[in-house]
Amino acid sequence: MTPNDIEILLHCYSCAAPHPRKSAPSVIDSFENFVANGMLVQDLEYSADGDIYRTTDKGAAHVLNLCNTPMPEQ
């Protein structure tokens, strides 16, 4: 998972708006990958254009795992 992937997943978890870089190739690839892996779905309730995504239960669980990662120690 790249930092870009993490940012996209967090955006979809916390914001019901289109991603600001939704047309960037790397963002499109991340959306496709997350949808294929059952972590995101298009939220057609808020956007008939299909440009808003939300996390599924699986995606939300992954966000919570990221948030529960302990702080690193040197």
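From a predicted model like this one, the values you see are computed outputs, not experimental measurements.

With that settled, the discussion passes to the overall build of the protein. Scanning the protein for helices and strands turns up three helices and two strands. Secondary structure elements of the protein occur, N-terminal to C-terminal, as α-α-β-β-α. Burial statistics for the protein: of 74 residues in total, 32% are counted as buried. The contacts in the protein between residues at least 6 apart in sequence include a share of 38% that link residues at least 24 apart. Entry remark: accessible area of the protein is about 5100 Å², with carbon and sulfur atoms responsible for 55%.

What follows deals with the pattern of salt bridges. Within the structure shown, the criterion is met by three salt bridges. Taking the shortest distance from any N to any O, the salt bridge between Arg21 and Glu7 comes out at 3.6 Å. With Arg21 in the loop between helix H1 (3-14) and helix H2 (25-36) and Glu7 in helix H1, this pair connects stretches of sequence that are 14 residues apart. Residue Arg21 is classed as partly exposed on the basis of its relative accessible area, which comes to 38%. The shortest N-O distance in the salt bridge between Asp43 and Arg54 comes to 3.9 Å. Here Arg54 lies in strand E2 (residues 53-55) and Asp43 lies in the loop between strand E1 (40-42) and E2, a separation of 11 residues in the sequence.

Tracing the chain through its elements places Cys12 in helix H1. Sequence separation of Cys12 and Arg54 is 42 residues, and the distance between their C-alpha atoms is 4.9 Å. When neighbours within four sequence positions are excluded, Cys12 is seen to be in contact with Phe31, Leu40, Tyr53, Arg54 and Thr55.

What follows concerns H2. Each α-helix winds once per 3.6 residues, and so residues spaced three or four apart point in a common direction. If you check H2, its first and last C-alpha atoms are 16 Å apart, about what 12 residues at 1.5 Å a residue would give, namely 16 Å. Taken as a whole, H2 has its buried residues at Val27, Ser30, Phe31 and Phe34. Projected onto a plane normal to the axis of H2, the buried residues spread over an arc of 100° and lie on a single side. Away from the buried face of H2 by more than 90 degrees, exposed residues Pro25, Glu32 and Ala36 are located. Its buried side turned inward, H2 meets H1, E1 and E2. Immediately downstream of H2, the backbone of Gly38 shows phi near 75°, a positive value.

About the cut-offs
- Residues numbered from 1 in each chain as written.
- Predicted model: local features only at pLDDT ≥ 70, side-chain atom pairs only at ≥ 80, totals over all residues.
- Heavy atoms only, no water.
- Helix = DSSP H or I, 4+ residues; strand = E, 2+ residues; numbered from the N terminus.
- Buried < 20%, exposed > 50% of the residue type's maximum accessible area, 1.4 Å probe, protein only.
- Contact = heavy atoms within 4.5 Å.
- Areas by Shrake-Rupley, 256 points an atom, 1.4 Å probe, with all protein chains shown as cover.
- Salt bridge = Lys/Arg side-chain N within 4 Å of Asp/Glu carboxyl O.
- Expected span 1.5 Å × (residues − 1).
- Arc of directions from axis to C-beta.

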